[in-house]
Amino acid sequence: MKHAEVKNRIIETASFLFYKNGYNSTGINQIIAEAGIAKATLYNHFKSKEEICLAYLQYKNIGFLEDFENFTTSRPKGKEQILSIFDFLKLFYQDKDFNGCWCIKTVSEIPKDNEIIRNEIQSQKNDFIALIAKLIINNLEEIKSEQVNSLARQIYLLYESAVGESHLHQQDWPIQESKNLCEKIIT
């Protein structure tokens, strides 16, 4: 197997395990066994579990942002495109493997002083807010430019709340209620 293929296999395996079981509950030996590789092979690609975690976070985020942007921009322009953020989340929630937000799960398991992982998660969340801001700019002409960032953060908070609460309650009502609140704040 090629170097890149092995690395991708490790990342995909670790991503599945970290998301399903949690970062702290997933050991290096479990990743090695599930990926079907030798310990030396894993350490040829990653120096530490923390490096694997960073790769996991980046892997999940790349796919998420791409899917999110494709979904929302495929909807009719205007308020409907903004509200489709929550339709996307509803589909994400309905996936059989839905287990909440990988970033929040991870940050809750790392020590407070782990700035490397925390900075990666903050960067991802800021990228998500920027994507929401882009949707606002492209769809809500009446919004003044100085209001865009605040509105994007408000919608982000509604989205993140809906992720956590739908996972907690194992129901999609938090997603619908967040969408209802979003509709009020963009009207």
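Caption draft 1: Structural view of the side chain of Asn-61. When you line up the elements, Asn-61 lands in helix H4 (residues 49-73). By relative accessible area, which is 9% here, Asn-61 ends up buried.

Caption draft 2: Up close: the packing of aromatic side chains. For the structure shown, the criterion picks out 18 aromatic pairs. Relative to Phe-88, the ring of Phe-68 lies with its centre 5.4 Å away and its plane at 85°, an arrangement referred to as edge-to-face. Placement of the pair is Phe-68 in helix H4 and Phe-88 in helix H5 (residues 79-94), with a sequence separation of 20 residues. Residue classification places Phe-88 among the buried residues on the basis of a relative accessible area of 10%. Through a chain of ring-to-ring contacts, the aromatic side chains of Phe-64, Phe-68, Phe-71, Phe-86, Phe-88, Phe-92, Tyr-93, Phe-98, Trp-102, Phe-128, Tyr-156 and Tyr-159 assemble into a single cluster. Sitting over the face of the ring of Tyr-23, Lys-49 holds its NZ or CZ atom 4.4 Å from the ring centroid. Just above the ring of Tyr-19 sits the side chain of Lys-60; from NZ or CZ to the centre is 4.1 Å.

Caption draft 3: Inspection of unusual backbone geometry at higher detail. The phi angle at Gln-170 is positive, at roughly 55°, despite the residue not being glycine. Locating Gln-170 in the fold gives a position in the loop between helix H8 (145-169) and helix H9 (173-186). We classify Gln-170 as exposed; its relative accessible area is 53%.

Caption draft 4: Molecular detail of the nonpolar core. Judged by nonpolar contacts, the single largest core of 60 residues is most densely connected at Phe-68, Ile-82, Ile-85, Ile-132, Ile-136, Ile-155 and Tyr-159. Every element with two or more residues in this core is listed here: helix H1 (3-21), helix H2 (28-35), H4, H5, helix H6 (102-107), helix H7 (115-139), H8 and H9. Per-element tally for this core: the top contributor is H4, with 10 residues.

Caption draft 5: Main features of H2. Within H2 the residues assigned to the buried category are Ile-28, Ile-31, Ile-32 and Ala-35. Considered in projection along H2, the buried side chains sweep an arc of 100° and stay on one side of the axis. Opposite the packed face of H2, turned more than 90 degrees from it, sit the exposed residues Asn-29, Ala-33 and Glu-34. Those residues of H2 that are buried lie in contact with H1, helix H3 (39-45) and H4. Directly after H2, the chain includes Gly-36, whose backbone phi takes a positive value near 70°.

Caption draft 6: Looking closely at the state of the cysteines. According to the stated counting rule, one finds 0 disulfides in the structure shown. The thiol of Cys-101 is unpaired, and the distance to the nearest cysteine sulfur, on Cys-103, comes to 4.6 Å. A residue is classified by how much of its surface remains accessible, and Cys-101, at 12% relative accessible area, is buried. Residue Cys-182 stays outside any disulfide, its sulfur separated by 18 Å from that of Cys-101, the closest cysteine.

About the cut-offs
- Residues numbered from 1 in each chain as written.
- Predicted model: local features only at pLDDT ≥ 70, side-chain atom pairs only at ≥ 80, totals over all residues.
- Heavy atoms only, no water.
- Helix = DSSP H or I, 4+ residues; strand = E, 2+ residues; numbered from the N terminus.
- Buried < 20%, exposed > 50% of the residue type's maximum accessible area, 1.4 Å probe, protein only.
- Phe/Tyr/Trp six-rings, centres within 6.5 Å; stacked < 30°, edge-to-face > 60°.
- Lys NZ or Arg CZ within 6 Å of the ring centre and 35° of its normal.
- Core = buried A, V, L, I, M, F, W, Y, C linked by side-chain atoms within 4.5 Å.
- Arc of directions from axis to C-beta.
- Contact = heavy atoms within 4.5 Å.
- Disulfide = S-S within 2.5 Å.

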